[in-house]
Amino acid sequence: MTGFTTHLGTAAPLDQANVDTDQIIPKQFLKGVTRTGYGKHLFHDWRYLDLHEQELNPEFSLNKPEYQGASILLARENFGCGSSREHAPWALDDFGFSVVIATSFADIFYGNCINNQLLPISLPNSEMDVLFNAVKENPETQIYIDLPNQKVKFADSEFQFDIAEHHKSNLIKGLDAIGQTLELDDKILQYEENALTWLR
Amino acid sequence: MAKSLYDKIWQAHVVDQLGDDSLIYIDRHLIHEVTSPQAFSGLNEKGRKVRRPEKTFATMDHSISTRSLAIDACGPENQLQLQTLANNCKEHGIELFPVGHQKQGIVHVIGPELGLILPGMTVVCGDSHTATHGAFGALAFGIGTSQVEHVFATQTLKQSKAKSMLINVDGKLPVGITAKDIILAIIGKIGHAGATGYVIEYAGEAIRNLSMEERMTICNMSIEAGAKAGFIAPDDTTFEYIKGREYAPSGESWEKAIAYWKTLHSDDGAQFDMVVELAAQDITPQITWGTNPGQVTGVTNTVPAPEDFSDPIDRESAIKALAYMDLKPGTKLTDISVNNVFIGSCTNSRIEDLRAAAVIAKKGKVAKGVTAIVVPGSVTVKKQAEDENLHQIFIDAGFEWRLPGCSMCLGMNDDILKAGDRCASTSNRNFEGRQGRGARTHLVSPAMAAAAAITGHFTDVRDL
């Protein structure tokens, strides 16, 4: 996996709280056995007026001409709540998003993003307001994400964001998490040898 | 220093400390067809093996039909997914309970039923309702597919310790109030994201008095408040449930295990980052009116108005939810009609749930225009219900009696609602489109679902 350091792109606003993973990718699209091809079904119920994905809903933000080509998604509180389906970050990534900036994220979804090199950024609601306004006023607003320095820069604004050091480091280095753990094999073995007898 | 139950289980599972993260050993891994195929293919691409296949158990539940045992009953895509699971389990030496097997059922029903879940264990599954197993005093949580692959290869996970929340439900539960009502009332109180970043320990007299199946219902919905996990300290009720189950320890191991399990409780003076108190006597039968499980109220109430919420986010969510649910503020909940009833899911498909629903089903017939299905959680539950003749009570009342599976909880199969359908459901999520695009879901207890089935509208089960 290649690492994530900086990103420059435009954003699409999805201005609502509690966007759950059933909305991000509904269950009928979880029947695949691969990690690819979910982008066309992203936000299916909101994005399409029909079940067969022929007719786009012109009212839905992501379908508006001014937000085409956006690589950053803006949302509000508790983004990605509900089901643990990793198909949600796969769909966002496949659609073309590299970053999701929201007021807050559900835990499992957040971890799934990190494991897929999709950067989840939390900003306080007041800063999200500034970001939403900037993008709604000028959809061409270029947003620069600097992960090493934990900054979001656009127009005249610059916001600092928090991210756990190990998440940041994994994203930047793009490391194979399993490969890293396998290097600790002697410690795992030692743990197993000392485990409670009925759990060995 | 006084330790919480969470501290104790956590510390017992640290393999290595990696900066802020701990490498945690996983004692039990449960898998199903939807979230495992990509994990197996990841392993195969790198030429890796499943480290401890005997700690992993697989079942088929999400993508299967509850009308037929045929693996292709829900079409070629579902069939491919199910076949892929079977192939992967065979290749990697994992025990699988496929459709038609005597031990098959919903992953969170069969785990406990088989004695695969024990106090103090760490349990994971690529499914957000894994917290169910916290009922045994296990640290159980849902994971993504990349993490499933990590557990396959290493039997560990990198984790940061979450914050801890203690939820005390004190006093005695009034007659007619169930575990489902307790957990919905909790989520209503703390909110749909109220426990994000936390693990919850449920305690108090009302929790202590619950059976294991009721405790599973409580822990199951921890994720619906955003919690990573939810658990209840093990006690004699727990030990009695586990004893003699197929995969449970026995003989000398049992004695040793019991001695250890008795140490698994939060010490007096243990610190929690947050404490929430509820009085059991205040809890009434709960019904969700909105599109997340926190949008819930008592059956005797009316549909709230957006203005009732002081928080602007809650107000905005209420406007959107009421539009989707096609409900008007001020409508009495008991005036809301349903045309579908679903009794099942990992939340409420165990034998006690079916018994509770059958007591109500006996009092009438499924109302005209209502389709009502009962989906037992496992082959074992189905057999037990049939031995008790519960299936006949349901069938005589006009309910459909189905085969075990996840069914209409998420509709990845042939149990799916149409746009505009309104369902009283014993499942765990009332998200937009969860049971079918444009369909409206109200979460309730099994007794309340059965009551809605026979009256055709929500009814206070205490009045029947």
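Refer to the structure presented above.
Since the structure is predicted, the reported quantities are computational estimates derived from the model, not experimental observations.

Conventions used here
- Residues numbered from 1 in each chain as written.
- Chains lettered and ligands numbered in written order.
- Predicted model: local features only at pLDDT ≥ 70, side-chain atom pairs only at ≥ 80, totals over all residues.
- Heavy atoms only, no water.
- Pairing = 2+ DSSP bridges.
- Helix = DSSP H or I, 4+ residues; strand = E, 2+ residues; numbered from the N terminus.
- Axes fitted to C-alpha atoms, helices over the stretch in contact; angles between N-to-C directions.
- Contact = heavy atoms within 4.5 Å.
- Buried area = accessible area lost by both parts, 1.4 Å probe.
- Salt bridge = Lys/Arg side-chain N within 4 Å of Asp/Glu carboxyl O.
- Polar contact = N/O pair within 3.5 Å; in protein donor to acceptor, adjacent residues only side chain to side chain.

Attention shifts here to the sheet that holds strand E8 (residues 157-160) of chain A. Residues and elements named next belong to chain A. Taken together, the 4 strands give an open sheet; going across it, the order is E1-E6-E7-E8, and neighbouring strands pair in antiparallel fashion. Bordering the open sheet on either side are strand E1 (6-9) and E8, each of which pairs with just one other strand. Shown here is a sheet whose adjacent strand axes are inclined to one another by a mean of 10°, direction ignored. Relative to strand E7 (residues 151-154), strand E6 (residues 143-146) runs antiparallel, the two being bridged by 4 bridges. The residue of E7 that forms the bridge with Tyr144 is Lys153.

When the parts come together, some accessible area is lost, and that loss is often what is quoted as the size of the interface. Counting from both sides, the interface comprises 75 residues of chain B and, opposite them, 60 residues of chain A. Taken together, the two surfaces of chain B and chain A that pack against each other cover about 5,200 Å², and 53% of this comes from carbon and sulfur. When the buried area of chain B at its contact with chain A is split by residue, Gln38, Arg51 and Arg437 of chain B rank highest and sum to 14% of it. For the interface between chain B and chain A, the tally reads 8 salt bridges. The salt bridge partner of Asp45 of chain A is Arg437 of chain B, with a shortest N-O separation of 4.0 Å. Summed over the shared surface of chain B and chain A, the number is 35 residue pairs in polar contact (both at pLDDT 80 or more).

So, about the sheet that holds strand E19 (residues 440-443) of chain B. All names here are of chain B. One open sheet holds the 5 strands; their spatial order is E17-E16-E15-E18-E19, and the pairing between them is parallel. On the outer flanks of this sheet lie strand E17 (400-401) and E19, each paired with one strand and no other. Note that strand E16 (residues 371-374) and E17 share 2 bridges and pair parallel. Of the residues in E17, the one forming a bridge with Ile373 is Glu400.

Everything listed here is a matter of coordinates, which is why it stays silent on function.
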